[in-house]
Amino acid sequence: MVTGTRKPPPITPRYVIRRSWKLLIVLAVALCVLALYRLHSQPDIYSPSSSSLSRARSRIARHSVGFAGPAKIAFLFLARRDLPLDFLWESFFENAGGALNFSIYIHSAPGFVFDESTTRSRFFHGRQLPDSIQVGWGESSMVEAERLLFATALEDPANQRFVLLSDSCVPLYNFSFIYNYLMASPKSIVDSFLDVKEGRYNPKMSPILPKKKWRKGSQWIALIRRHAEVLVDDEVILPVFKKFCRRRPPVDTRKGKLNLKLQKQHNCIPDEHYVQTLLAMNELDGELERRTLTYTLWNISPNKTESKGWHPMTFNHANAAPQKIREIKEINHVYYETEFRTEWCRINSTAVPCFLFARKFSKGAAMRLLSEGVVGQFDTAALLKPSP
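Residues numbered from 1 in each chain as written. Predicted model: local features only at pLDDT ≥ 70, side-chain atom pairs only at ≥ 80, totals over all residues. Heavy atoms only, no water.

A.B. asks: I'd love a proper account of the overall build of the chain, names of residues and values included.
C.D. replies: Helices and strands together make up the secondary structure of the chain, namely eleven helices and 17 strands. Going through the 388 residues of the chain one by one, you find that 46% of them count as buried. When contacts within the chain are restricted to residue pairs at least 6 apart in sequence, long-range pairs at least 24 apart make up 77% of them. Counting only carbon and sulfur atoms, one obtains 58% of the accessible surface of the chain, whose full area is about 21,200 Å². (Helix = DSSP H or I, 4+ residues; strand = E, 2+ residues; numbered from the N terminus. Buried < 20%, exposed > 50% of the residue type's maximum accessible area, 1.4 Å probe, protein only. Contact = heavy atoms within 4.5 Å. Areas by Shrake-Rupley, 256 points an atom, 1.4 Å probe, with all protein chains shown as cover.)

A.B. asks: Explain empty space enclosed by the protein to me, and be specific about the residues and the numbers.
C.D. replies: As enumerated under the stated definition, the model contains two cavities of 30 Å³ or more in all. Reported here for the largest cavity is a volume of approximately 50 Å³. Among the elements of the structure, helix H4 (140–154) and helix H9 (274–281) are those that each provide at least two residues to the lining of the largest cavity. In this structure, the second largest cavity encloses a volume near 40 Å³. In terms of lining, the second largest cavity is formed by Arg161, Leu182, Ser185, Lys187, Ile189, Ala222, Leu223 and Ile224. Take the lining of the second largest cavity: its biggest share by element is three residues, from strand S8 (residues 222–224). (1 Å grid on protein atoms, 1.4 Å probe; cavity = no way out; pocket = protein on both sides within 12 Å on 5 of 7 lines; lining within 4 Å. Points joined across faces, edges and corners; volume = space filled by probe spheres on them.)

A.B. asks: How would you sum up the pattern of salt bridges? Please name residues and give values.
C.D. replies: Any two side chains of opposite charge can pair, on the condition that their charged atoms come close. On inspection of all chains with the given rule, the structure shows 15 salt bridges. When the shortest N-O distance is used, the salt bridge between Glu94 and Arg122 registers 2.9 Å. Within this pair, whereas Glu94 is found in helix H3 (residues 86–94), its partner Arg122 is found in the loop between strand S2 (102–107) and H4, the two being separated by 28 residues in sequence. A relative accessible area of 44% means that Glu94 is categorised as partly exposed. Of the charged contacts in the structure, one is a salt bridge between Arg225 and Glu229, with a shortest N-O distance of 3.6 Å. (Salt bridge = Lys/Arg side-chain N within 4 Å of Asp/Glu carboxyl O.)

A.B. asks: I'd like to hear about helix H7 (residues 237–244), residue by residue, with values.
C.D. replies: Taking burial as the measure, the eight residues of H7 include six buried ones, the bulk of the element. Among all positions of H7, only Ile237, Leu238, Pro239, Val240, Phe241 and Phe244 are buried.

A.B. asks: Please set out the nonpolar core residue by residue, giving values where relevant.
C.D. replies: Ranked by internal contacts, the top residues of the largest apolar core, which has 53 residues, are Phe75, Trp89, Leu182 and Phe361. Elements represented by at least two residues in this core include exactly strand S1 (72–78), H3, S2, strand S3 (159–166), helix H5 (175–184), helix H10 (322–329), strand S17 (357–359) and helix H11 (363–371). Excluding residues within four positions of it along the chain, Phe75 makes contact with Trp89, Phe92, Phe93, Phe102, Ser103, Ile104, Tyr105, Val163, Leu165, Phe175 and Phe357. Counting residues in hydrophobic clusters, the runner-up holds 41 residues, among them Ala74, Ala151, Phe162 and Ile221. (Core = buried A, V, L, I, M, F, W, Y, C linked by side-chain atoms within 4.5 Å.)

A.B. asks: Tell me about the sheet that holds strand S4 (residues 170–171), and name the residues and values.
C.D. replies: Spatial ordering of the open sheet is given by S4-S17-S10, a layout of three strands whose pairing is mixed. Single-partner strands in this sheet number two, and they are S4 and strand S10 (294–296). Strand direction decides the pairing type here: S4 and S17, joined by two bridges, are antiparallel. Bridged to Val170 within S17 is Ala358. (Pairing = 2+ DSSP bridges.)

A.B. asks: Explain the confidence of the model for the chain residue by residue, including any values.
C.D. replies: Looking at the chain, the pLDDT average stands at 83 and 73% of residues meet or exceed 70. Contacts of residues 302–309 to residues separated by more than four positions or lying in other chains number four contacts, the stretch itself having pLDDT below 50. (pLDDT = per-residue confidence, 0-100.)

A.B. asks: How would you summarise the packing of H7 against H9 if you had to cite specific residues and measurements?
C.D. replies: Across the interface, H7 lies against H9 with an axial gap of 10 Å and an inter-helix angle of 140 degrees. In terms of orientation, H7 and H9 fall into the oblique class. Of the two elements, H7 crosses H9, and the hand of that crossing is right-handed. On H9, the residues that touch Ile237, Leu238 and Phe241 of H7 are Tyr274, Thr277, Leu278 and Met281. Classifying every residue of the contact of H7 with H9 gives six nonpolar, one polar and no charged. (Axes fitted to C-alpha atoms, helices over the stretch in contact; angles between N-to-C directions. Parallel < 35°, antiparallel > 145°, perpendicular 65-115°, else oblique. Left-handed = near helix turned anticlockwise from the far one by under 90°. Nonpolar A, V, L, I, M, F, W, Y, C, P; charged D, E, K, R; others polar.)

A.B. asks: Lay out the packing of helix H6 (residues 225–233) against H9 with the relevant residues and their values.
C.D. replies: Relative to each other, H6 and H9 sit at 105 degrees, their axes nearing to 10 Å. Comparing the axis directions of H6 and H9 gives the class roughly perpendicular. Residues His227, Val230 and Leu231 of H6 form the contact with H9, whose own contacting residues are Tyr274, Val275, Leu278 and Leu279. In terms of residue class, the contact of H6 with H9 is built from six nonpolar, one polar and no charged.

Have a look at this one:
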């Protein structure tokens, strides 16, 4: 019996058409899945902060080319509403040698206006962002507010250094010292260290945000212009934060088993991680002084009125003594336990004091700084007069 190879059936036009339709359907489904993924992975383009950032980016691109002239420091205030220490900052900016050296931007509650009725300082008049958003502590809205401040400040090409400050911050030196300090450094000054203890990193952030790039640090930063542009241009890392870096809800025993489930979530505070991680993702660690310029005194011992420790202490008139301020100004290094690293505070290899600012200061403490001449001479009796 003779055997042979069986010939395959001929390929008909109907067969080709059928296979082509199948391939088209598979491709269409794949494209739909990809489109849905991209839609969910990008920020909400209709949110007020995103639209404001888009407009600011276009203005930055138009104004950033070919700048030549005196460089300015942009002071970016992140305020709850008003600036209670405006009288101290009035003295500080009064001795700045003119507005050519600085600019001021304030993110406050939506609709709040800085004018003669809301602030004692003329330097803050009209300096609020018109497109501010409602901010919640421990939420991504804090980061979005910061980005709005940087985006607005970047529209002025003269702004070459950008300092983020809270409404309870005070300067520890006069303007001239702070200006020369910041302008002398070619690096951004950002508190940034490995976070290996608290479990804030969510594995679901991978692979977009690998754990080896996860950083932590103080939100009070000072950026050079190029790094500020990196912050404003980000459209990759922030969506990951908004989805996976969220503050754990407070304990609520009324929720029963649901409460236990909620307490297993990652307790992630976006403003303590975002900028540091973003810069690490852009391979910019080597361009940073990895420390903060803003001193904070942390209380790690909870008392009867506190549910937990690790909250910032508030300086009042009694504990803002000249000796305490001198001690802060004499700090020349910071130790980072997670990295076994001592960060000696230097600018261009020259030893410098670590801190230019401090928080949290009450009105009484700020009045004492002025009366003691820490920032400048000031008649504190004027503060006893009612606001206009």
